Amino acid sequence: ENKIFRPQHHYSTSLNTILPLSKNGSFADLTVEHGFPHQPSALSYSPTLQLLSIGTRSGAIKLYGAPGVEFMGLHDENAAVTQVHFLPHQVELVTLLDDNSLHMWTLKAHKGLSELLEIGRFTLTGPPGALPSVTRVTAVLAHSSGELLLLGTEGGHVFIVEVPGFRELEERNISLDQVASSVPEDYIGRRNLEHVEALQENPVNPNQIVIGYGRGLMVIWDLEKQCALQHIPATQQLESVWWTEDGGYILSSHSDGSYCRWMVGGEDENEEEEKSDIPYGHFPCKAISKIVQLPTEEGPPFLLFSGGMPRASYGDRHCITVIHSKTHIALDFTSRIIDFFVIRDGPQHTDPSALVVLVEEELVVIDLQTEGWPVIQTPYLVPLHSSAITCSHHVSAIPLKLWERVTAAGDLQKTHYSKKPWPITGGQNLAPDPPQRDLLLTGHEDGTVRFWDASGVCLYPMYKLSTAGVFHTDADPNDNMNQGTEGEWPPFRKVGCFDPYSDDPRLGVQKIHLCKYSGYLTVAGTAGQILVLELNDEAAEQTVEAKVVDLLQGQEGFRWKGHTRLDVREEPVLFPPGFQPFALVQCQPPAVVTALTLHSEWKLVAFGTSHGFGLYDYQQKNNVLIKCTLNPSDQLAMEGPLSRVKSIKKSLRQSFRRIRRSRVSLRKHHVNNALQEANARLEAELAEMELAPVQRKIEARSSDDSFTGLVRTLYFADTFLSDSSHNSPSLWAGTNGGCVFAYMLRLPPVENRADEPVTAQQAKEIQLMHRAPVVGIAVLDGHGAPLPEPLEVAHDLARSPDMHGSHHLLVISEEQFKVFTLPKVSAKMKLKLTATDGSRVRRVGVAWFGSSRSEDYGESGLVVLTNQGDLHVVSLPAVKMQVQYPCIRREDVSGIASCVFTKHGQGFYLISPSEFERFSLSARYLVEPRCLVEVPLRSGSSNQHRPQPDGASSALSAARRVMEHALLNDESEYFRERDRRDCIITMEQAYHV
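For the structure given in this document, a descriptive report is provided here. (Residues numbered from 1 in each chain as written. Predicted model: local features only at pLDDT ≥ 70, side-chain atom pairs only at ≥ 80, totals over all residues. Heavy atoms only, no water.)

Let us now look at the environment of Glu297. By the secondary structure assignment, Glu297 is in the loop between β22 (288-294) and β23 (302-307). Glu297 sits in the partly exposed class, given a relative accessible area of 44%. The spacing of Glu297 and Asp351 is 54 residues in sequence and 6.2 Å in space, taken between C-alpha atoms. (Helix = DSSP H or I, 4+ residues; strand = E, 2+ residues; numbered from the N terminus. Buried < 20%, exposed > 50% of the residue type's maximum accessible area, 1.4 Å probe, protein only.)

See the structure below:
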C-alpha cells in the first residue's frame, strides 16, 4: 500500500497520522484475517516448503507456515476450490476449481518479502464435439519431476500437461481406449471403468503411476514406455489409492468400508478375499474415503484412514482411524472431514510425527510421537466460533503484570495439550515485534469469554472464562470430551473444540468491559445478568449472591413476555484460577443488556436494557441508581427475543388478517388518503427547497417508535455539571429515542468509601430534536481532548485532563455529531452525517492517531462506521470530517454490527462466523504479515528416474532450476523484470547464469 500522506483538513500535513487511500484509491488498509477460513474445501502440504494450503468454497487460497507466515490469494472466478497441489521442490502450487479451471500460483520475492501471485490458468479442451465429461478433471497428480501435471477426468482419460506453462503433451496422454484394450476381457465385459478416481506415483520409480477407476479397476502405467504393466481388478467402488514407500504394495479403499492390499508385480491377481479387510464390519459400513500407510524407522507402520464406520450405529460420526502396533483409536471429530495428511520427522524424514486434519469447522493436529497421541495447540487457524460469537471488546496496551497473570491462568487450562512445538515451520516471519500487548475479548453464546492475544498477525488463544458455573444449567459437570468408554468398539476419542450447542441461550454474553489497570472485569448477558469479576491467581470456593434490580420501578400495565431469569446457585462454587465472580446484578425484567461500562477507580458499574439503566456499587454491593426509560406505548420492549421467535407463526397470522382488513378500509378512504398524500408530498417538497442544496432534511422520529427507551450508551466522566468552578463525577446515558440523561455522583472520601453510600442526583436531561438513537457520548477537556480512562493518569500513562478551560459534551447520534458547552448544555456546533449522504452511524470510537514520523506527536479523532459500511475519521474538537474509506459491504449487516475499534486506529469485524478481518486507519499502528519463503534447492539424487519432456537435457534442466531460484528470490535484475512464463532459456543463457 502507498503510505504517502495526503493532506486532510486539520490533520498535520508533515506528520503521517492517518493512512492515505490505498492503491485502488478507495479502501482502508485491510491488513490480515484472523481465525478459521469459512467453508474450507481443499487441503495440501508441501514437505519441502513446510507450508500448509487451504482452499475454500468462496475461491480463496490461504497458505500458512511458521506462526506469522501467512499468504492469501483469491481467484477471480466465483467458484469453489476443489483441489490444491504443491509442485514438488518448488514454490508453485496448482488449484482446481469446480468450474474445471486450473490455476498456477507462485510465491515470488519482492523487496525482500514473498507475495502469492497467480501466474497462469488453464482449462482442458477436448476434441470437437466431445462431451464435457471427457475433460472434466476428477484427479490431479503433481509429478515428482516438478514439470508434469497428470489430470484424470470423468471420461476415464489421463491428460499430461507440462508446467508451469500449462502446455498439453498430447502425444503422452493416456486415453481410455488404450487402457481398456489391455484389460482382461472378462473384467471389461462386466462393467464400465467410469471416471478416474485416483492417481498415484510409484515412490521408487517416478516413471510408473497407478490409475484408479471409479468401478474399482487399478492400472499400473509406465509413462516412458506408454503401456500398462499390471491390472488390479478390484470389484468394489474405489475411493482412494496409496502406494507404499518401498513400492511393493498398493492399498485401495472402497465404498463398502473395506481396504485391500495388492502386491505390485505379483503373479496371482485373484486373492482379493485374503487381502481385503473391513475394519468395522460385518454390518454395512460407510466408505473409507482416504487411506495412508507410513513406515517407521523401527517397528510396525502407521495405518490411517478416514470413514469406514458402521452405517447404522455410527454413520453420523466423522472419524479418522489410526492403527499402530497394538494401539487402535478412532478419532471422533466435531464436523465433516475435508482432508488430512501426516508430517514426517526423524533423520530420514520417515517417522510420522503429526497428523494434521482439516475438518469443516477447525484444524486439528495430533502428536503421533507422544504417548496417548495428544492434540497440539494451534497458534493460528483457531476456531473463533467454537461457540457462536455474540460480542467483542478490545483492550490496547495491556500492562505486563496483568498479561502475565492472564497467561498463567490460561496455561493451567492447556495441560492436556502436547508439549511438542508447532510442526509446520515453513517460511521466515520478518514482521517486527509488536509495539504493545493487545487483548481481544470475545463473548459467546455458551456464556464463555475468550481472551486472545491480538498483538500480532496470529490471533492466539490465551485464556477462557466460563460464566455458566454461577447458574444452574443442564450441563453435566462430569462430561469429559476426551475420554471414550472403556472397551467401547469402535474405540472412539473425541477431538476438537468446536461445540456450537449452548446448554441455555440465556447464558449468551452480550457486553464485556475490562479495566486493564485494576484487573476488574464485568460481563453482561442475554437474561439481564451482570457479573463483576476480579483476577485471582489461586482457586477459590465462594458463593455469588444476586442483587435484583427492578427497572420498571413499579410501573403498572406492563407484563414481561420473554424468558425467565437464570437460577443462581445457592451453594458455594469452586472457581479455578483466573477471573472469578464476586458480585452479580440481575435485571428485572430479565431483558438483554444493551449497554455496559465500568469505572474501577470509583468501584461502579453502569448497565442498561430496553427498560432503563442502573448504577451498581460493587465495593459495597449496593444499588446506587435505577432509572426506568420505558415509553408507555412501547409494548415490544416487554417481549424478549426468545418469545418473539416462539410467536412468529401467531404474528404472521395476525399480519395477514390486518392486511385483509386494511384492504376493505382502503377502498372506503381511497379518495381522502390520496388527497392527504398529495398535500404531504407538496409540504415536504417546499421544506426541502428551503434547505441548503448539499443537505437534505432529517426526518424527526415519532416518540411512539418501538424501543425508544432502549439504552444504547453509558459513559462516566469527571466534569462540570452544576457550575463551571466545581467538577464532580457523573454518569451519562443515551437512549434509542434521542434522549441523554446526566447524573451527578457523590463519592465519599477514600477512607470512608467502604462505609458511606454513593449517591446520584439527576442534573441534566437533553432531548435531541430529531430523536435519533444516541450511540456515543464523550466529554472533551479544556484542550479539546477526550477525558482519559479510569486509573490511566494514576499509572502515568496519560496526562491529567485540563480542568481550567471549559469542557464540552459530544453527543453522537445515528444521524449527527453535536457539541454542547458544559455546564450550561447549550449547542455549539454540529456535523450532520445523514443529511449529506444518507448514512447512519452504527459504530463509533475515540482513537489516538500517532505519527509515523515523530514518536511524540499524535492527534485524537473519532472513528465512525456507518450502515453503508464506510469508515469516517472525524477531527476533535473541531468535529470536521477528515477521510472516508469504503470498508465493509453495505449488505453485510452482521459484519457491520460486529465491528470493534481499537484505541489506536485499528479495528476488527467478522467476515464470516469464524473469521475476523483486521483493518487499520493509522499510519503508525499496522499489523500485517511480512514473510519470506525461499526456493528450495534440489539435491542431485532427487533427479533420478525423472521423466523429461521430449528434447530436454539434464544440463538445461539443472540450469533452469538455478534460474528459477534467482528469479523467485529476487537475485537477478535481468530476470526480475521478465515474466517467468515468457522466459525462453537457451544453453548460452544457462551457462551465463
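All right, on to the sheet that holds strand β19 (residues 249-254) then. With antiparallel pairing, four strands are arranged side by side in an open sheet as β18-β19-β20-β21. Every other strand in the sheet has two partners, leaving β18 (238-243) and β21 (276-277) as the edge strands with one partner each. (Pairing = 2+ DSSP bridges.)

Side chains carrying opposite charge are able to pair once their charged atoms draw close together. Applying the stated criterion to the full structure yields 24 salt bridges. The residue Glu915 makes a salt bridge to Lys62 at a minimum N-O spacing of 2.5 Å. Of this pair, Glu915 sits in strand β61 (residues 915-920) while Lys62 sits in strand β4 (residues 60-64), placing them 853 residues apart in sequence. Linking Glu814 and Arg712 is a salt bridge whose minimum nitrogen-to-oxygen distance equals 3.5 Å. With Glu814 in the loop between β52 (808-813) and β53 (816-821) and Arg712 in strand β47 (residues 711-720), the pair connects residues that are 102 residues apart, well separated along the chain. Each of Asp76, Glu77, Glu118 and Arg121 takes part in a single network of salt bridges with overlapping partners. (Salt bridge = Lys/Arg side-chain N within 4 Å of Asp/Glu carboxyl O.)

For the rest of this paragraph, the subject is the sheet that holds strand β24 (residues 318-324). Spatial ordering of the open sheet is given by β22-β23-β24-β25-β35, a layout of five strands whose pairing is mixed. Unpaired on one side and paired on the other, β22 and β35 (492-494) mark the two borders of the sheet. For this sheet, the mean inter-axis angle between neighbouring strands, taken without regard to orientation, is 20 degrees. With six bridges connecting them, β22 and β23 associate as antiparallel partners. The partner of Ile288 across the bridge, within β23, is Gly307. (Axes fitted to C-alpha atoms, helices over the stretch in contact; angles between N-to-C directions.)

What the rule picks out here adds up to 21 aromatic pairs. For the pair Tyr45 and Phe341, a centre-to-centre distance of 4.6 Å together with 10 degrees between the ring planes defines the contact as stacked. Of this pair, Tyr45 sits in strand β2 (residues 40-46) while Phe341 sits in strand β26 (residues 337-345); the two residues are 296 residues apart in sequence, bridging distant segments of the chain. Residues Tyr45 and Phe341 agree in their burial class; the two are buried. One residue, Lys290, lies across the ring of Phe340, its end atom 4.8 Å from the ring centre. (Phe/Tyr/Trp six-rings, centres within 6.5 Å; stacked < 30°, edge-to-face > 60°. Lys NZ or Arg CZ within 6 Å of the ring centre and 35° of its normal.)

Before going further, it helps to examine empty space enclosed by the protein. Scanning all chains against the criterion turns up three cavities of 30 Å³ or more. Roughly 70 Å³ of internal volume is contained in the largest cavity. Surrounding the largest cavity, Glu33, His34, Gly35, Tyr64, Glu70, Tyr380, Leu381, Val382, Val457, Cys458 and Leu459 form its lining. For the lining of the largest cavity, a count of residues per class yields seven nonpolar, two polar and two charged. (1 Å grid on protein atoms, 1.4 Å probe; cavity = no way out; pocket = protein on both sides within 12 Å on 5 of 7 lines; lining within 4 Å. Points joined across faces, edges and corners; volume = space filled by probe spheres on them. Nonpolar A, V, L, I, M, F, W, Y, C, P; charged D, E, K, R; others polar.)

In this section: the environment of Asp438. Relative to the helices and strands, Asp438 is located in the loop between β31 (428-429) and β32 (439-444). Measuring from C-alpha to C-alpha, the distance between Asp438 and Gly456 comes to 8.5 Å, with 18 residues separating the pair along the chain. For Asp438, the residues in contact, after removing those within four places along its chain, are His394, Val395, Ser396, Ala397, Ile398, Trp403, Trp452, Asp453, Ala454 and Ser455. Only 3.0 Å separates the side chain of Asp438 from the backbone nitrogen of Ala397, close enough to count as a polar contact. (Contact = heavy atoms within 4.5 Å. Polar contact = N/O pair within 3.5 Å; in protein donor to acceptor, adjacent residues only side chain to side chain.)

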